[in-house]
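# Tertiary structure, described
What follows is each chain in one-letter form.
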Amino acid sequence: MKKETLQVRGRRLFATVLASFMGILAFSLSAQAQLTKNYATTAVSHSTGAAFSGTFNVPDFANASDASESTAATLNAQTILLVLNNNSFVEIGFPANVPAGATVYIPVQDDTTQGLLSTLAGGTLGNLVTGLLGDQFIEVAVKNSTGTTLVTYSSQGNGQRNFTQGKFNIVKDANGQTYITFKASAGVNYSRIRITASTSGLVAASYQLKVQDAYYLSGTYDPCNPFVTTSIDATGITVGLLNGNGMPVKNAPAAIDTDTATHSTFGYGLATVGVGSSFSQDFYYSNLSKPGDQVKVKLRFPSSLLSANVLNTISFSAYRN
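Residues take numbers from 1 onward in each chain, read along the sequence in its written order. Only residues with pLDDT of 70 or above have their local features reported here, since the model is predicted, and side-chain atom pairs are shown and tallied only from 80 upward, although totals for entire chains, interfaces and linings are computed over all residues. Side-chain measures here rest on the full set of heavy atoms in the structure, leaving out hydrogens and waters.

### What to know about the overall build of the protein
Of the regular secondary structure elements, the protein holds 4 helices and 22 strands. It only takes one pair of heavy atoms within 4.5 Å for two residues to be counted as in contact. Restricting the contact set of the protein to residue pairs at least 6 apart, pairs at least 24 apart contribute 76%. Here the accessible surface of atoms and residues is derived via Shrake-Rupley with a 1.4 Å probe, and residues count as covered only by protein chains that are part of the display. When the accessible surface of the protein is summed, it comes to about 14200 Å², and 51% of that surface belongs to carbon and sulfur atoms. Only DSSP runs of H or I covering at least 4 residues are called helices, and only runs of E covering at least 2 are called strands; the numbering of each starts at the N terminus.

See below:
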């Protein structure tokens, strides 16, 4: 098994903000972790692009299991005449079952301006927008060692992410890299993952997804630098508001890049925020915190909002897993 040392620390923080402000966040934990990346190094299978099969070939499939995140397998999908549903896939495997409690990270990339991933990292907001982008979708199937599918996430429909077998998520790290993550429920054993990019419906609809090397983390606590990921969400937001203003939390990775000169920005402005609306940003540490750990959050507010007592509209919550 190819392994790579990664320095990490653990806790998840959830911030909900009911008004418009600019937030600069800096984190400090007294107990930190040095972790190792354990890659999926087996190329189990991939689509071959047989004529009229509805699948495209993936000639660079091995890049998804070569233990190098600088390379990627390229999944292409395009709806063409006579075949209205096209896809390509790559299936990768770990040498053994993923350990209980571990989260698998699948680094993925698509078009940064029009792709699905940035939308999906918006949590339930993705359900609104992907309804408009329904001709493009991603599926992730988790399988056991014999190839039996245990659970499948699809970005179509309501994009359900929580299942009895485990939980999927879409997150970004401090560099803006997007990950599809999966954490299995207790007693669920798996070692294979299939990632599929698909199109359907309109002729000429197309989608391309880059899949890098999936891994899980292992290791023990030791002084180090953090590995944190983030996602955003909102309630009380309409498609019209998204189309007119974009995502309600902008530049989310800037809140975890350890540079206090950069920040994520919440909100559209008080005039466009409906009663009961809320904006939120989640922060995920790869390990649980230790007793005595601290999280420090730095915020900046426009002076006009301070007079409106906006601090009473903010909440912070810490979650275990």
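Read on, since the account is not over.
### Quick notes on the packing of aromatic side chains
Only Phe, Tyr and Trp rings take part, Trp by its six-membered ring, and two of them pair if their centres are within 6.5 Å. Stacked means planes under 30 degrees apart, edge-to-face means over 60, and tilted covers everything else. Under the definition given, this model contains 8 aromatic pairs. With a centroid separation of 5.7 Å and an interplanar angle of 70°, the aromatic rings of Tyr39 and Tyr215 are classed as edge-to-face. Linking Tyr39 in strand 4 (residues 33–39) with Tyr215 in strand 16 (residues 215–221), this pair joins segments that are 176 residues apart in sequence. Summarising the burial analysis for this pair, Tyr39 and Tyr215 share the class buried. Considering the side-chain rings of Tyr105 and Tyr215, the 5.6 Å spacing of their centres and the 20° angle between planes classify their relative orientation as stacked. Within this pair, whereas Tyr105 is found in strand 8 (residues 103–109), its partner Tyr215 is found in strand 16, the two being separated by 110 residues in sequence. For every residue, the accessible area obtained with a 1.4 Å probe (protein chains only) is divided by the maximum for its type, and the residue is called buried under 20%, exposed over 50%, and partly exposed between those limits. By relative accessible area, which is 7% here, Tyr105 ends up buried.

### A short note on the pairing of strand 14 (residues 192–200)
Taken across its 9 residues, strand 14 has 7 buried, putting it largely inside the fold. In this sheet, strand 14 lies alongside strand 9 (residues 136–143) in antiparallel orientation, the contact comprising 8 bridges. The residue bridging Phe137 from the neighbouring strand is Ser198, located in strand 14. What makes two strands pair is DSSP finding at least two bridges between them.

### Things to note about unusual backbone geometry
Even without glycine at this site, Ala67 takes up a positive phi of about 60°. Assignment of secondary structure puts Ala67 in the loop between strand 5 (42–46) and strand 6 (73–78). Note on Ala67: relative accessible area 11%, which makes it buried. Positive phi, normally seen in glycine, also occurs at Asn251, with a value near 55°. Take Asn251: it is sitting in the loop between strand 18 (249–250) and strand 19 (264–266).

### Some details on the pattern of salt bridges
One speaks of a salt bridge when a side-chain nitrogen belonging to Lys or Arg is within 4 Å of a carboxyl oxygen belonging to Asp or Glu. In this structure the tally under the stated criterion is 4 salt bridges. With a shortest N-O distance of 2.7 Å, Glu69 and Lys37 are connected by a salt bridge. You can see Glu69 sitting in the loop between strand 5 and strand 6 and its partner Lys37 sitting in strand 4, a full 32 residues away along the chain.

### Thoughts on the layout of surface pockets
Of the voids in this model, the largest pocket is the one considered here, and its volume is about 810 Å³. A cavity here means a set of points on a 1 Å grid, drawn over the protein atoms and nothing else, where a 1.4 Å probe fits but cannot get out; a pocket is an open set with protein on both sides within 12 Å along at least five of seven lines, and a residue lines either one if it has an atom within 4 Å of a point. Around the largest pocket sit 31 residues that line it, and Thr103, Lys183, Tyr285, Ser286 and Asn321 are the ones nearest its centre. Contributing elements (two or more residues each) for the lining of the largest pocket: strand 8, strand 12 (166–173), strand 13 (178–184), strand 16, strand 20 (278–285) and strand 22 (314–319). Lys, Arg, Asp and Glu make up the charged group, whereas Ala, Val, Leu, Ile, Met, Phe, Trp, Tyr, Cys and Pro make up the nonpolar group; the residues left over, Gly among them, are polar. Within the lining of the largest pocket, the residues separate by chemical class into 15 nonpolar, 11 polar and 5 charged. Grid points are joined across faces, edges and corners, and a volume is the space filled by probe spheres set on the points.

### Things to note about the confidence of the model for the protein
As a per-residue measure, pLDDT reflects the predictor's confidence and takes values from 0 up to 100. With 77% of its residues at a pLDDT of at least 70, the protein reaches an overall mean of 81. Low pLDDT, under 50, characterises residues 5–33; the stretch is placed with 169 contacts to residues that sit more than four places away or in other chains.

### Some remarks on the side chain of Thr74
Considering the arrangement of structural elements, one finds Thr74 in strand 6. Of note is the side chain of Thr74, whose polar atom sits 2.9 Å from the side chain of Asp60. Identification of polar contacts relies on pairs of N or O atoms within 3.5 Å, with a donor-acceptor requirement for protein atoms, meaning one able to donate a hydrogen and the other able to accept it, and with residues adjacent in sequence counted only if both atoms are side-chain atoms. Here the side chain of Thr74 touches Lys210 through a polar contact of 2.9 Å, side chain to side chain.

### Some points on the environment of Tyr285
With respect to the helices and strands, Tyr285 occurs in strand 20. The class for Tyr285 is buried, based on a relative accessible area of 7%. Measuring from C-alpha to C-alpha, the distance between Tyr285 and Phe227 comes to 6.6 Å, with 58 residues separating the pair along the chain.

### A closer look at the nonpolar core
Taken as a class, soluble globular proteins show a tendency for nonpolar side chains to be buried jointly. Val104, Ile106, Ile138, Ile193, Leu209 and Val211 are the most contacted members of the largest nonpolar core, which totals 37 residues. Ignoring sequence-local partners within four residues, the contact set of Ile138 consists of Leu116, Leu117, Leu120, Tyr153, Ser154, Ser155, Ile180, Thr196, Tyr207 and Leu209. Counting residues in each nonpolar core, the second largest holds 12 residues, with Ala234, Val249, Ala252 and Tyr268 among its members. By convention a nonpolar core is built from buried Ala, Val, Leu, Ile, Met, Phe, Trp, Tyr and Cys residues, the set being connected through side-chain atoms within 4.5 Å.

### Some remarks on the environment of Asp257
Counting through the fold element by element, Asp257 comes out in the loop between strand 18 and strand 19. Assessed through its relative accessible area of 23%, Asp257 is described here as partly exposed. Spatially, the C-alpha atoms of Asp257 and Thr229 are 9.9 Å apart, while their sequence positions differ by 28 residues. Apart from residues lying up to four places away in sequence, Asp257 is in contact with Ala174 and Thr262. Of the polar contacts made by the side chain of Asp257, one reaches the side chain of Thr262; its length is 2.6 Å.

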